[in-house]
Structures are given as structure tokens and as C-alpha cells.
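# Survey of secondary and tertiary structure
Each chain, written out:
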Amino acid sequence: MKGRISEIFDSIQGEGLYWGERQVFVRFFGCNLNCRFCDTKLDSFLEYDPDELYKELKMYYDGHHSIAFTGGEPLLQNDFLREVLMLTQAGGWKNYLETNGTLPGALNGLIDYVRIVAMDLKLPSSTGLNNFWEAHRAFLELAAKKDLYVKAVICKDTREEDVLEGAKLIRKAAAEAILILQPDSSCGPGALDKKLKSFKDICRRERVTACVIPQMHKIAGVK
Ligand code: SF4
């Protein structure tokens, strides 16, 4: 079994609740979505079998917080991913999965090998795509068993009703999860302040804890 991997690198997590933690990143090739704000268009990959990838990851074993399996969308290659997660978990690593939260069936087969789930909430007015409420609901219910947080990118077009729907979904399916409101970094400083304040108020009314955290790696200038 071969997996398609676009890059492997050592860096500092720049998004979400774990920003600042040192991680090894494994970027999976390919995605099932095409979000308007995507900054990770991938055009090349190398093929690995699970043992080859694990061998390469072992060269990084030195004080890292966890391995971030990211993409693209790692769950598109769920059989390969499960094999790798089993190896890294048995080797003493914490597995951290970054995912767009639209493939609950794929998550179900490997959730036992994941410690932390960083799930995107794809708001249609942000992505320019259709909504994924039903897939997100099933995904959140599964991921709620784990250390889970949810991240929504906020753009100039993001609408209140989408944030409200997303907050309701989190409260019903994963009430303990924290929602990160991540301002689209292409909008420039201060451009989204009013929206962010009003969206935070919506979350508070829905009894969902929401934090505003920008993409720190872009601010700090790290990969
Ligand atoms: S899910 Fe992530 S990788 Fe895929 S298109 Fe959207 S932002 Fe890009």
C-alpha cells in the first residue's frame, strides 16, 4: 500500500489551540474540496509505504509535541493513514490530525489511533462551497471522544447565519469543543474586527467557547 505525501518537515504549529508547539508535519497530497481561501495548493508528491514513512519520521524523534498529519485532506488516504498512525502511536508519538471534517466514515476507521483532532468547520460563505452540516455533525460526534477543537476561517464574506449554524452544531454534537475563529490572513490587520466581535457574541449566546487566533506562523515568519 502506497501513500502520496507532498512534504515532511519540522516546524512550529501556527494555527489553533496548539500554536507554538513543535511538530513534525506530514502533508498528504490531494483534497476533496476547493476552498476559496486555500493557501495549500499541492502539485507534487512522493510515494511511500507505511514502513518507509515511519522510518523517515523516526529521524525526527527529538522533543516534538506530536506529529501533525495534514494536507490537503489526510482522510482521503485513510487506509494508508491508519497504518502509519498505528506505527507512530506504537512508537510513542502523539498523533495530531488536521482535517476538513467532511469524511466521517474515514475517521471512524482510525479514530482509535488519533490523540488530537483539529477539525475545520467549513462555513459556506467563507469557502464559496456548499454546506457540509450533516457530514460535520457526524464527524464531530465521533471526534468528541478525543482531544478536539474546531477551526473556522473568517473572511470578509462570512455570514452571521453560518456562524450561528456552526455554533449550534458544535453545542449539540461536541459541546466541550472550543471553536477557533481564524481571520483570513489575506484580509489585512483590523479588516475583520467588527465581524470577529459579533461572531464571538453569537458563540457566547450559543454557549460555545470561541477564541480568535490568527495564523501565527505567518505573523512569526515560520513555515
Ligand atoms: S480543505 Fe484545506 S486543503 Fe482542501 S481546499 Fe480547503 S483549505 Fe485547501
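Below is a short write-up of the structure. Each chain has its residues counted from 1, following the order in which its sequence is written. The predicted origin of the model limits local features to residues at a pLDDT of at least 70 and limits the giving and counting of side-chain atom pairs to 80 or more, whereas totals for whole chains, interfaces and linings rest on all residues. Hydrogens and water are ignored here; the side-chain numbers use all heavy atoms of the structure.

### Remarks on the packing of helix H1 (residues 50-58) against helix H2 (residues 78-90)
Two elements in contact, H1 and H2, have axes separated by 9 Å at closest approach and are oriented at 40°. Relative to H2, the element H1 is oriented oblique. Crossing geometry of H1 relative to H2 is assigned as right-handed. The segment H1 lies against H2, with Pro50, Asp51, Leu53, Tyr54 and Leu57 engaging Phe80, Glu83, Val84, Leu87 and Thr88. Residues were grouped as follows: Ala, Val, Leu, Ile, Met, Phe, Trp, Tyr, Cys and Pro as nonpolar; Asp, Glu, Lys and Arg as charged; and all remaining residues, including Gly, as polar. Tallied by class, the residues present in the contact of H1 with H2 amount to 7 nonpolar, 1 polar and 2 charged. Every axis corresponds to a line fitted to the C-alpha atoms, with the helix fit spanning only the stretch in contact, and the corresponding angles, defined between N-to-C directions, vary from 0 to 180 degrees. Each helix is a run of H or I in the DSSP string that is no shorter than four residues. Each strand is a run of E no shorter than two, and both are numbered from the N terminus. Angle categories are assigned with fixed cut-offs, so that under 35 degrees is roughly parallel, over 145 is roughly antiparallel, 65 to 115 is roughly perpendicular, and the rest are oblique. Definitions for this section: a left-handed crossing has its near helix turned counterclockwise from the far helix by less than a right angle. A right-handed crossing has that turn clockwise. Contacts: residue pairs with any heavy atoms within 4.5 Å of one another.

### As for the pairing of strand S5 (residues 95-99)
Within S5, 5 of the 5 residues are buried, which leaves it mostly tucked inside the rest of the structure. Relative accessibility under 20% of the residue-type maximum defines a buried residue, over 50% an exposed one, and the middle range a partly exposed one, all with a 1.4 Å probe and only protein chains included. Neither face of S5 is open: one carries Asn95, Leu97 and Thr99, the other Tyr96 and Glu98, and all of them are buried. Pairing between strands requires that DSSP locate at least two bridges from one strand to the other. Looking at chain direction, strand S4 (residues 66-70) and S5 are connected through 3 bridges and run parallel. Looking at the pairing, Phe69 lines up with Leu97 of S5.

### Here we look at the pattern of salt bridges
Any carboxyl oxygen of Asp or Glu that lies within 4 Å of a side-chain nitrogen of Lys or Arg is treated as forming a salt bridge with it. Scanning all chains against the criterion turns up 13 salt bridges. Across the pair Arg82 and Asp79 runs a salt bridge whose closest N-O atoms are separated by 3.2 Å. With Arg82 and Asp79 both in helix H2 and 3 residues apart, this pair spans about one turn of that helix. In this structure, the salt-bridge partner of Arg204 is Asp201, at a minimum N-O distance of 2.9 Å. Remark: Asp201 and Arg204 occur in helix H7 (residues 193-205); sequence separation between them is 3 residues, near one turn of the helix. The class for Arg204 is exposed, based on a relative accessible area of 57%.

### Remarks on the sheet that holds strand S7 (residues 147-154)
Whether parallel or antiparallel, the strands of a sheet pair through hydrogen bonds between backbone atoms. With mixed pairing, 9 strands are arranged side by side in an open sheet as S3-S1-S2-S4-S5-S6-S7-S8-S9. At either end of the open sheet lies a strand with only one pairing partner, and these are strand S3 (46-48) and strand S9 (210-212). The sheet shows a mean angle of 30° between the axes of neighbouring strands, taken without regard to direction. Looking at chain direction, S7 and strand S8 (residues 178-183) are connected through 6 bridges and run parallel. Paired with Val150 across the strands is Leu179, a residue of S8. Strands in contact with H2 are strand S1 (3-12), strand S2 (22-28), S3, S4 and S5; relative to S4, the strand with the most contacts, it is inclined by about 175°. Against the sheet, H7 touches S7, S8 and S9, its axis set at about 170° to S8.

### Here's the deal with H7
Expected helix span is given by 1.5 Å per residue-to-residue step, counting one fewer step than there are residues. Across its 13 residues, H7 extends 19 Å between first and last C-alpha, which sits within 8% of the 18 Å expected from 1.5 Å per residue. Considered for burial, the residues of H7 that qualify are Leu196, Phe199, Ile202 and Cys203. Axial view of H7: buried residues confined to an arc of 120°, hence all on one face. Looking at H7, the residues exposed on the side facing more than 90 degrees away from the buried face are Lys194, Lys197, Arg204 and Arg205. Next to the buried residues of H7 lie S7, helix H6 (160-173), S8 and S9. Trailing H7 by a residue or two, Arg207 shows a phi angle of about 60°, which is positive. Of all possible arcs, the one meant is that of the directions from the helix axis to the C-beta atoms.

So yeah, pure geometry; function would need other evidence.
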